[in-house]
Amino acid sequence: MSNGSCVVIVGSQWGDEGKGKIVDVLAEEIDIVARYQGGANAGHTVHVGDDEFILHQIPSGILHPDRTCLLGNGVVFDPFQFFEELDEIRAKVPDAEQRVGVSGRAHLLLYYHKLLDRAAEASRGAGKIGTTGRGIGPAYEDKVARQGIRVADLRDAERAEQLLRRAAERINRKLESLDSAEKVDADLLVRDVMGVRERLLKLTVDTGRVIQDALNAGKRVLLEGAQGALLDVDHGTYPYVTSSNTTAGGAGLGVGIGPTMIDDVVGVVKAYTTRVGEGPLPTEFPSPLQEEIREKGGEFGATTGRPRRCGWFDAVVVRYAALVNGLTGLAVTKLDVLDGLEELKIATRYQAGGGTLDDFPGDLALLEDAKPEYESLPGWSEKTSEARRWEDLPEAAHRYLRRLEELTGVPIWYVSVGTRRDQIIHVKR
Ligand code: IMP
């Protein structure tokens, strides 16, 4: 269990590992939760009592009293989706708006990025990435091409209008080149953005400064990653990735603090593997196990509703995630979904390209050819959803979890056995 003051939480597979639930649990002991990358492509479902919240941009820490929630400079920030989400939360958590802050350096993700995202996907044909359609790739493209509009750019209304009109012209040329019938209406764009401008500017903060001051004052900070290591633009299964650095290296960068301030990196993994969108998934289940686990685990995207592809736990993937993130602890989620399976398999390495691979390959062709080598362990028939301590779990679950630790080289700190906040085991050593 982490005792560090500044903890990073990262997805260590292909996203949807249940980070929202873990952040929600850890937020009990944390003062500030900050998102460092991604945008409304993320989707956390958090259950508190009988209420279900689906959060896309606002960290789940907002559901705890007094916590400050920040969106860092590394986020591509969709103001309209954000305020819609904030208003929904405010219906249950009245002071939510007083507890959120948005970096002035964050890039705005506007509706034209979504038009571009869809047009680009359509133009890729069979080579499509399977994006969430939330405009993420085009917003990061604008950022890197130094033609994005940042939250702080809204301060000067006149200049903001100029930037928006210039962007609308540029985007319309681009949409045309992609054979899209859509067009950006510059007047509408300016009207909409100006409509949220003042409310947004009131929330603007320097996230690096806020975090640094909090740490200096002895407070605890959690930096929350979206998506997972294998969707990282550098380390993931490129080009079937998202457009940001999801891994822990992106955390300091994405909120404005240095790497030396980070104490722990907790990797969240499902007790099995899932993936949405296109791209390889070496341990994908055959039918009917595929459908059985998808139903049992509710494996449908929180953002797009797409069915997730499911497979066995892949230790090659998580070993790699441990390396690129520098993981210090693991949180294993959805263990209860494996209840009742007679046999559990874990991929330990791959056969590919005429040889054996212990390390996750960077070459997509090799990965597409990879055949996992499996180790088999006995399952358990008991229900694990009521377990609250390590000792409450069946012996076969202990063996399975211990083996995951051995194969990944990372100790397990938390085991989640259901969607509710209390369905968590803090593994004590
Ligand atoms: P984008 O981030 O919308 O550009 O999508 C790029 C890839 O990342 C696609 O395969 C998406 O399915 C995947 N992706 C993006 N966000 C998430 C997420 O929150 N969970 C799981 N996959 C995601």
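What you are looking at is a predicted structure, and each value in this text was computed from that prediction instead of being measured.

**What about the domain arrangement of the protein?**
Next up, step 1: For the protein, the domain assignment lists domain 1 (6-103 + 204-265), domain 2 (107-200) and domain 3 (269-426).
Next up, step 2: The distance between the C-alpha centroids of domain 2 and domain 3 comes to 37 Å.
Next up, step 3: Each side of the interface is counted separately: domain 2 has six residues, and domain 3 has five residues.
Next up, step 4: When the two sides are added together, the surface that domain 2 and domain 3 hide from each other amounts to roughly 410 Å², 46% of it contributed by carbon and sulfur.

**Quick word on the nonpolar core**
Next up, step 1: Formed by 73 residues in total, the largest nonpolar core has its most connected members in Leu-223, Leu-335 and Tyr-400.
Next up, step 2: When residues of this core are assigned to their parent elements, the largest contribution, seven residues, is made by helix α10 (residues 315-325).
Next up, step 3: Inspection of this core shows a minimum of three residues originating in each of domain 1 (6-103 + 204-265) and domain 3 (269-426).
Next up, step 4: Each residue touching Tyr-400, except ones within four places of it in the same chain, is listed here: Ala-271, Phe-313, Leu-335, Leu-338, Leu-344, Ile-346, Leu-377 and Trp-380.
Next up, step 5: The next biggest cluster of nonpolar side chains, apart from the first, holds 58 residues, and it includes Leu-71, Val-93, Ala-106 and Ile-149.

**Quick word on the environment of Val-276**
Next up, step 1: If you trace the backbone, Val-276 turns up in the loop between β12 (273-275) and α9 (289-296).
Next up, step 2: For the pair Val-276 and Gly-418, spaced 142 residues apart in the sequence, the C-alpha separation amounts to 21 Å.
Next up, step 3: Excluding anything up to four places from it in sequence, Val-276 contacts Asp-16, Arg-306, Pro-307 and Arg-308.

**A word on the pairing of strand β19 (residues 412-416)**
Next up, step 1: In terms of burial, β19 is a largely internal element, five of the five residues being buried.
Next up, step 2: Where strand β15 (residues 329-333) and β19 come together, three bridges link them in parallel fashion. Of the residues in β19, the one forming a bridge with Val-332 is Val-415.
Next up, step 3: Where β19 meets strand β20 (residues 424-426), three bridges bridge the pair, whose relative direction is antiparallel. The partner of Val-415 across the bridge, within β20, is Ile-425.

What counts, and at which threshold
- Just so you know, the residues in each chain are numbered from 1, in the order the chain's sequence is written.
- Per-residue local features are limited, in this predicted model, to residues with pLDDT of at least 70; the limit for side-chain atom pairs, both in listing and counting, is 80 or more; totals at the level of whole chains, interfaces and linings are taken over all residues.
- Side-chain measures here rest on the full set of heavy atoms in the structure, leaving out hydrogens and waters.
- Note that domain bounds follow an automatic or database assignment of domains.
- Throughout, a residue-residue contact means that at least one pair of heavy atoms, one from each residue, lies within 4.5 Å.
- Take the accessible area each of two parts loses on contact, using a 1.4 Å probe, and add the two losses: that sum is the buried area.
- Think of a nonpolar core as a cluster: buried Ala, Val, Leu, Ile, Met, Phe, Trp, Tyr and Cys residues, connected wherever their side-chain atoms sit within 4.5 Å.
- Partly exposed describes any residue whose relative accessible area lies between the buried limit of under 20% and the exposed limit of over 50%, with all areas from a 1.4 Å probe on protein chains only and scaled to the type maximum.
- By definition, any uninterrupted DSSP run of H or I lasting at least four residues is a helix, any uninterrupted run of E lasting at least two residues is a strand, and each is numbered from the N terminus.
- At least two bridges found by DSSP between two strands is the condition for calling them paired.

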